[in-house]
Each structure stands twice: as structure tokens, then as C-alpha cells.
Amino acid sequence: MPTRRRFLGTAALGLLPFPVRAQGLDSARIIVGFPPGGTTDVMARKVADKLRGGYARSVIVDNRPGAGGQLGVIALKDAPPDGSALLLTPSSMLTIYPNTYRALQYKLEDVAPVSLAMYTHHVLSVGPAVPDSVKNLKDFLAWTRANPDKAVYGSPGAGSMPHLIGVLLAKASGTELRHVGYRGSAPGIQDLLGGQIPSFLGPVGDVLTHSKAGKVRVLGSSGKERDKFLPAVPTMGEQGFAIGLREWYAFFMPARAGADTVQRAAAALEQAIRQADVVEFGNQFGLEVQASTPRVLADLLKVDAAEWSGLAKQTGFTADS
């Protein structure tokens, strides 16, 4: 029987006050719209380890890479609504893509919010192709204006949040910056380190090790507050550019899932995500690990989708452009 303390704790979170293990499924899967080894995939595997044997006897990660994460959302939409399928996805697939893809094969109403998983900021970093005299964003933008052939930044992909943050930065500064989209961060970071591109905009976790080793210089972060993993780096807002954005990752179910099913998954995820080794694992990748109730996630999704409706128009980017 739940203790009074446990009952009050779960009630405050809006979750169900019963042991998750008692309602375990035979098998479940966490769908990830990216290849193995990336940020979303490694966190999904960490959480799957915690859910295994409790939420379900067997929990696997089902990678569905392609179309910039869209295939994962599509796979969830068509999955059984019995709790056996969860999706872990960055927010861009649900907040940005509906505003930039004309023929998207899903809509927000196709998913049921379950729980937040983690947050990250995006940062603009420069490598050996940029002189040491460039210390901040204004220095970098001045340098690109003086060297227009080097006014280039890479990102994990066209239409990604880092790509569009770069567009917003260029517009806010009146500077022309050319974008190079990569298939994920890894190849872009390698080109940054090798001097093939002067700058890269992507998740803070992708450059943490290189920053500490002095191989790249991080000039600005995208959030409203400074990033906890690089507290000495000023935000873009602090440097005079009206940008305050962060990417969150969250778990979803098919929209047809019942309220009890969603709540049971949220309870299991909250227990898994709050564990110290999961939080520490996320820290290694520059991720602030945090669970939520389904209602909190639903509200966040609604607010951010509305915000990106306006921001996408400011960038002028569409998937067809």
C-alpha cells in the first residue's frame, strides 16, 4: 500500500499513486526518429533500462531515422494506443516542422503528451578558421562582414532549430550568413575542428569536450539564461540580440491512448528520469534532465508551437525553399 508521503508526492505531480510494476506490460518500445548513437538515442536507451522489468518486462529502442526526425512521429501515430509505444523526440518535430513543411504527414493532434525528458541550449562556436581576436558574437559578425567569403555557419540540418536560430541572428544583426546543413552534428563538428567551416550552431553537448580542450570557442548561447554547463558564455540576448530559445525533448504516445494509459506511463517515466545516474548521464551530454506531468508538457507544446508560428515567418524558411 502506498505511504501517505508517496501518495502526496505523486498527487502533487498529477500522477497515479500506485506501484508502476503492478501494471507492467509484456513489451514496450521507445521510438526514436534518429540513428543509434545520437543524443536522443542514447537517452532513450538509458530510460529504457530503467523502465525494463517495471513498466514492461521488455523495453527496446526502435530507431526510425529519416526526414529529420519525422519518421519517428509518423511511426508513433500509427502505433497501438495501449502504452506499448512511446516516442522520444526533440521539440522541433512538433513545434517548428508544422510551420515549415507544407506536406507534413502528421499534426499535433496525432500525439498525446506524456512527460518532458530534458532540455538543451544551442550555442554558436568557432574553430581554428576564425582568428583568436574574435571573442564574442559582435566580434564574429564584424569579422564575417569584413570577410564575406567566410560568413558561413553549419548546423545539424536544414530546418533544425539551430539553423533557424542562425537565421534569426543574421536578421537581428543585419549580417548575411550562409548556412551549411549537415546530417547531424558529428560531421559538422569535425569540419569545424578541421577548419573547413568557421562556425557551427548546435546543441551545447556537442561542443562541451572540445570547448574544455580549447579546440573551439563558444561565443554565445541561445537561452534566456546562461547555460549551466558553460556559465561563462553570455547568452545571445546579453549580447544585444533578441533571441531566447531552448530545445526540449519529451515523451509522447499516440493520441488515441486513454488518460489512464498516459498517466501510468508518466508515473513510470517520472520514476526513471529523476534517478541520479540518469541525471548525471544527461549532464555528460549537456542536457538538463527533467520530467513533467502530461498537462505541463501539453501546455509547453502549445505555447512553443504558437511561438514558432511567428518565428518561422520571421526566418522566411520553408522546407521547399
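Above this text sits the structure in question.
Residues numbered from 1 in each chain as written. Predicted model: local features only at pLDDT ≥ 70, side-chain atom pairs only at ≥ 80, totals over all residues. Heavy atoms only, no water.

**Observations regarding the environment of Ala-255**
Consideration 1: Its location among the elements puts Ala-255 in the loop between β10 (247–254) and α10 (259–273).
Consideration 2: Put simply, Ala-255 and Ala-79 are 176 residues apart on the chain and 9.9 Å apart in space, counted from C-alpha to C-alpha.
Consideration 3: The residues touching Ala-255, leaving out its near neighbours within four places in the chain, are Glu-109, Asp-110, Val-111 and Ala-112. (Helix = DSSP H or I, 4+ residues; strand = E, 2+ residues; numbered from the N terminus. Contact = heavy atoms within 4.5 Å.)

**Overview of the nonpolar core**
Consideration 1: Judged by nonpolar contacts, the single largest core of 49 residues is most densely connected at Tyr-106, Leu-124, Phe-140, Met-236, Trp-248 and Phe-252.
Consideration 2: At seven residues, the largest contribution of residues to this core is made by helix α7 (residues 161–173).
Consideration 3: Contacts of Phe-140, omitting those with residues within four sequence positions, involve Leu-124, Val-126, Val-130, Val-134, Val-152, Ser-199 and Leu-219.
Consideration 4: Grouped together as the second largest cluster of nonpolar side chains are 32 residues, Ile-30, Val-32, Tyr-55 and Ala-117 included. (Core = buried A, V, L, I, M, F, W, Y, C linked by side-chain atoms within 4.5 Å. Buried < 20%, exposed > 50% of the residue type's maximum accessible area, 1.4 Å probe, protein only.)

**What to know about the packing of aromatic side chains**
Consideration 1: Under the criterion given, the structure shown has four aromatic pairs.
Consideration 2: Cation over ring: Lys-46 sits above Phe-281, and NZ or CZ is 5.2 Å from the ring centre.
Consideration 3: The ring centre of Tyr-119 lies 3.6 Å from the NZ or CZ of Arg-246, which sits over that ring. (Phe/Tyr/Trp six-rings, centres within 6.5 Å; stacked < 30°, edge-to-face > 60°. Lys NZ or Arg CZ within 6 Å of the ring centre and 35° of its normal.)

**What to know about helix α8 (residues 185–194)**
Side chains three or four residues apart in an α-helix point the same way, a direct result of the helix having 3.6 residues per turn.
Consideration 1: Within α8 the residues assigned to the buried category are Ser-185, Gly-188, Ile-189 and Leu-192. Looking straight down α8, one finds its buried side chains confined to an arc of 100°; they lie on one side. Structural note: α8 exposes Ala-186 and Gln-190 on the side pointing more than 90 degrees away from its buried face.
Consideration 2: Contact partners of the buried residues in α8: β5 (122–126), β8 (199–203) and α9 (208–212).
Consideration 3: Downstream of α8 by one or two residues, Gly-195 has phi in the positive range, about 80°. (Arc of directions from axis to C-beta.)

**Some points on the pattern of salt bridges**
Consideration 1: Using the criterion set out here, one finds twelve salt bridges in the structure.
Consideration 2: Residue Asp-26 is joined to Arg-57 by a salt bridge in which the shortest nitrogen-to-oxygen separation is 3.7 Å. On the criterion of sequence distance, the pair formed by Asp-26 in strand β1 (residues 25–32) and Arg-57 in strand β2 (residues 56–63) is long-range, its members being 31 residues apart. Residues Asp-26 and Arg-57 agree in their burial class; the two are exposed.
Consideration 3: The salt bridge involving Asp-110 is made with Lys-107; its shortest N-O contact spans 3.6 Å.
Consideration 4: A relative accessible area of 46% places Lys-107 in the partly exposed class. (Salt bridge = Lys/Arg side-chain N within 4 Å of Asp/Glu carboxyl O.)

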